[in-house]
Amino acid sequence: MNKTGKVLAFTLALALAVVLGLAACSSGGSKEGSAGGTAGGSSPSGSTAGASGGIDTSNFETVSYVVLGNKPTNGQLEKVMEKVNQIMKEKINAELQFKWIEWTDWLTKYNLLLASGEPLDLITVGTDWLDTWANAQKGAFLPLDDLLPKYAPETWKEIPPEDWEQTKYNNKIVMIPEDHYTQWVNHGLMYRGDWAKEFGITEPIKDFETIGKYLQGIKDHKPGVVPFDAGGTGSLFNGYVNSTTDALELSVPAGLTTMQVFFAKSYDEKYTAYSPIFDDTMINFAKLMKEWGDKGYWREDALNFKGNTSDELLAGKTGLYEHHTQTFAGMRTQMDLKQPGSELQFFPFGITRGNLISMPITHGGTSVGAHSKHPERALMAYELIRQNKEVYQLINYGIEGVQYEIKDGKRVLPEGYDQARDQFYTDFWGGRVDKFEIPDANTWSGVYDIYKEYDKIKKPYPYGRFVFDQTPVRSELAAITQVVSQYGPAISWGKAGDPVQAVEDFRSKLKAAGYDKVLAELQKQLDAYKKLVEG
């Protein structure tokens with residue numbers, strides 16, 4: 001997630017005067033002289049806008065941006081940000097500093113930070129994985145309706161009204177959606193096509209039964225290889241539900257790293273809440289995971305797994321990796337290089353029954369913290385990231401000639417590139433736009449055929465304006481999350497003893513935690529949402 005171009009600018013006063021006097025920007029570039037512009041003359045930083053602009057940037061400000069990931073330690077981040085901040089200072093008299101939430105226990109750390117009252121500026125958000133609505137309900141974000149037209153005018157115009165509707169809580173905009181970026185982050189299982197053929201699996205895998213045959217083939221014929229080297233708090237449960245039922249996942253609460261509890265019955269019954277944990281789906285899943293664990297498809301101490309499954313796959317030490325389509329597109333190219341002839345394939349969970357929903361535009365986005373000391377400058381910084389080609393490409397790709405070169409219109413690694421020395425990333429997932437993307441030569445071209453298959457079966461995302469109000473059941477949700485953390489991993493890796501008894505105990509604990517109350521509240525709110533969207 002990184003990017004570059006070239007930037008010069010008028011004074012900020014003239015910049016804003018031009019923006020206010022001209023029509024909306026085209027998707028192909030920026031207006032001359034605007035905060036996100038790419039043309040014009042330069043002017044001293046720290047100017048005060050005239051009456052037409054009305055923006056005072058005379059005081060230098062530091063804008064923080066909360067991102068998720070492990071902060072790079074090789075010094076490249078600092079080198080890139082020096083260039084970014086030269087532009088930031090010139091255009092808006094500010095500097096940008098990333099604030100990192102590291103992956104270990106990331107969701108807990110993220111929510112605690114947002115609840116701390118710390119004066120955060122820009123914040124990475126995502127409604128289906130980062131508890132965005134729950135944090136909005138707690139007052140974590142600043143309403144942006146009055147600020148966006150003035151301090152991020154190009155972004156304001158670029159995003160259509162129907163997309164802004166999906167960013168509102170209590171009828172106020174609380175995030176900027178990543179709605180101009182093409183991606184598929186539906187999950188599935190990556191497996192080696194060469195090994196599958198060796199085991200007699202000649203057609204693309206489309207179900208868990210065939211995955212089992214594949215894993216058994218590895219166990220029987222690939223000594224020293226762990227068929228699926230994974231574990232910890234992970235789980236295949238959500239994928240199993242996606243593959244074997246028509247249920248739609250509801251992120252209530254969002255961000256459960258083991259398994260979701262609440263779903264909608266199907267696309268036809270999208271407003272009917274239920275949980276597959278309380279039908280045969282859960283029993284069948286628990287039995288299958290117990291069977292796979294007993295057969296040795298993963299390590300005996302899977303619950304304590306701390307490794308990196310993707311690294312194991314690239315090293316030829318495992319044969320299965322769970323992640324999403326975008327990740328697969330890059331992994332296929334890496335596997336072609338590191339495991340020649342491996343023919344990495346992808347089993348998207350939703351392909352089994354055609355249970356595939358389009359991406360929500362709020363999967364990624366950016367909010368402004370409720371306690372930000374300078375929200376205006378924060379939005380101006382965001383505008384530069386999203387609308388200025390040079391800033392965008394620096395932040396997403398790094399420095400041309402160091403982190404990448406462009407050949408035949410695609411990004412490639414420069415000669416002599418060293419991963420440890422030269423790698424750069426910012427984990428900017430809150431405002432990517434197709435117009436400034438440079439295609440990655442490492443993205444497998446065959447992924448576009450997968451996209452075409454998705455287009456044949458995908459259904460529109462139905463919950464863009466659904467905001468579950470946790471207030472009536474907040475304590476129950478906390479208790480349910482605790483129960484899932486206690487029982488989910490053991491069931492998911494076949495380490496909970498008798499699977500039927502384990503599921504019965506799990507259900508009992510969920511009931512005691514308040515499952516029925518939450519289900520009833522969820523149904524009540526889904527009924528209200530149905531009236532909102534269907535009348």
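Given the structure is predicted, the values throughout are model-derived calculations rather than measurements.

Caption draft 1: Structural context of the sheet that holds strand β11 (residues 320-324). An order of β11-β7-β12 is seen for the three strands of this open sheet, with the pairing classed as antiparallel. Sheet topology places β11 and β12 (344-348) at the edges, where each strand pairs with a single neighbour. If you compare each strand with its neighbour and ignore which way they point, the axes differ by 30 degrees on average. Direction of pairing for strand β7 (residues 187-192) relative to β12: antiparallel, over a ladder of five bridges. Among the inter-strand pairings, Gly-188 is bridged to a residue of β12, identified as Pro-348.

Caption draft 2: Spatial organisation of helix α17 (residues 447-457). Every buried residue of α17 is listed here: Val-447, Ile-450, Tyr-451 and Tyr-454. The arc that holds every buried residue of α17, seen down its axis, measures 105 degrees, which confines them to one face. Turned more than 90 degrees away from the buried face of α17 sit Lys-452 and Lys-456, all of them exposed. Next to the buried residues of α17 lie α13 (325-338) and β12.

Caption draft 3: Local environment of unusual backbone geometry. Positive phi, normally seen in glycine, also occurs at Asp-131, with a value near 50 degrees. On the secondary structure map, Asp-131 appears in the loop between β3 (122-125) and α4 (132-137). The backbone of Asn-171 sits at a positive phi, close to 65 degrees, despite the residue not being glycine. Note that Asn-171 resides in the loop between β4 (168-169) and β5 (172-173). Its relative accessible area of 59% is what places Asn-171 among the exposed residues.

Caption draft 4: Main features of the packing of aromatic side chains. According to the stated counting rule, one finds 36 aromatic pairs in the structure shown. Consider the rings of Phe-208 and Tyr-240, whose centres lie 5.2 Å apart with planes at 75 degrees: the pair is edge-to-face. Highlighted residues: Phe-208 in helix α9 (residues 208-221) and Tyr-240 in helix α10 (residues 237-244), separated in sequence by 32 residues. Summarising the burial analysis for this pair, Phe-208 and Tyr-240 share the class buried. An aromatic cluster of at least three residues, connected via ring pairs, comprises Phe-208, Phe-228, Phe-237, Tyr-240, Phe-285, Trp-292, Tyr-297, Trp-298, Phe-347, Phe-349 and Trp-493. Its end group placed over the ring of Tyr-274, Lys-265 keeps NZ or CZ at 4.2 Å from the ring centre. Lying across the ring of Tyr-267, Lys-270 places its NZ or CZ 4.3 Å from the centre.

Caption draft 5: Local environment of the pairing of strand β1 (residues 61-68). Counting buried positions over the eight residues of β1 gives six, a clear majority of the element. Looking at chain direction, β1 and strand β2 (residues 94-101) are connected through eight bridges and run parallel. Residue pairing in the sheet places Tyr-65 in a bridge with Phe-98 of β2. Running through helix α2 (residues 76-92), the crossover from β1 to the neighbouring parallel element β2 is right-handed. With two bridges joining them, β1 and β3 adopt parallel strand pairing. Following the sheet pairing, Tyr-65 is matched in β3 by Leu-122.

Caption draft 6: Structural context of the nonpolar core. With 68 residues, the main nonpolar core has Tyr-214, Leu-236, Phe-262, Met-282, Trp-292, Phe-506 and Leu-522 as its most contacted residues. Take this core: its biggest share by element is seven residues, from helix α11 (residues 280-294). Excluding anything up to four places from it in sequence, Tyr-214 contacts Tyr-191, Arg-192, Trp-195, Ala-196, Phe-199, Ile-201, Ile-205, Gly-319 and Leu-320. Among the nonpolar cores identified, the runner-up in size contains 42 residues, and Tyr-65, Tyr-151, Ile-173 and Leu-384 belong to it.

Caption draft 7: Structural view of the confidence of the model for the protein. Averaged over every residue, the pLDDT of the protein is 89; the share at 70 or more is 89%. Counting contacts from residues 1-52, a segment whose pLDDT is below 50, to residues more than four positions away or on other chains yields 142 contacts.

Caption draft 8: Representation of the packing of helix α14 (residues 375-387) against helix α15 (residues 389-397). Following both chains from N to C, one finds α14 and α15 inclined at 85 degrees, their axes separated by 5 Å at the closest point. Between α14 and α15, the crossing angle belongs to the class labelled roughly perpendicular. The segment α14 lies against α15, with Leu-384, Ile-385, Arg-386 and Gln-387 engaging Lys-389, Val-391, Tyr-392 and Ile-395. When the residues that make up the contact of α14 with α15 are grouped by side-chain class, the tally is five nonpolar, one polar and two charged.

Caption draft 9: Region of the structure containing the environment of Tyr-382. Within the secondary structure, Tyr-382 sits in helix α14. Note on Tyr-382: relative accessible area 0%, which makes it buried. Not counting chain neighbours up to four residues away, the residues in contact with Tyr-382 comprise Tyr-65, Leu-122, Thr-155, Ile-176, Thr-366, Gly-430 and Gly-431.

Caption draft 10: Local environment of the sheet that holds strand β9 (residues 263-264). Taken in spatial order, the three strands of this open sheet run β8-β9-β10, and their pairing is antiparallel. Edge positions in the sheet fall to β8 (248-249) and β10 (273-274), since each of these pairs with one other strand and no more. Pairing between β9 and β10: two bridges, direction antiparallel. Across the sheet, the residue bridging to Phe-263 is Tyr-274, located in β10.

Caption draft 11: Up close: the environment of Ile-205. Relative to the helices and strands, Ile-205 resides in the loop between α8 (193-198) and α9. For the pair Ile-205 and Ile-351, spaced 146 residues apart in the sequence, the C-alpha separation amounts to 9.6 Å. When sequence neighbours within four positions are dropped, the list of residues in contact with Ile-205 reads Tyr-191, Thr-210, Ile-211, Tyr-214 and Phe-347.

Caption draft 12: How the structure looks around the pairing of strand β13 (residues 365-368). Residue alternation in β13 divides its side chains into two sets, Gly-365 and Ser-367 and Thr-366 and Val-368, and both sets are buried. Judged from the four bridges that link them, β3 and β13 form a sheet pairing that is antiparallel. Opposite Thr-124, over in β13, you have Thr-366 as the bridge partner. As defined by bridge partners, strand β6 (residues 176-177) adjoins β13 across two bridges and the pair is classed as antiparallel.

Cut-offs used in this document
- Residues numbered from 1 in each chain as written.
- Predicted model: local features only at pLDDT ≥ 70, side-chain atom pairs only at ≥ 80, totals over all residues.
- Heavy atoms only, no water.
- Pairing = 2+ DSSP bridges.
- Helix = DSSP H or I, 4+ residues; strand = E, 2+ residues; numbered from the N terminus.
- Axes fitted to C-alpha atoms, helices over the stretch in contact; angles between N-to-C directions.
- Buried < 20%, exposed > 50% of the residue type's maximum accessible area, 1.4 Å probe, protein only.
- Arc of directions from axis to C-beta.
- Contact = heavy atoms within 4.5 Å.
- Phe/Tyr/Trp six-rings, centres within 6.5 Å; stacked < 30°, edge-to-face > 60°.
- Lys NZ or Arg CZ within 6 Å of the ring centre and 35° of its normal.
- Right-handed = clockwise from strand over helix to strand, strands pointing away.
- Core = buried A, V, L, I, M, F, W, Y, C linked by side-chain atoms within 4.5 Å.
- pLDDT = per-residue confidence, 0-100.
- Parallel < 35°, antiparallel > 145°, perpendicular 65-115°, else oblique.
- Nonpolar A, V, L, I, M, F, W, Y, C, P; charged D, E, K, R; others polar.

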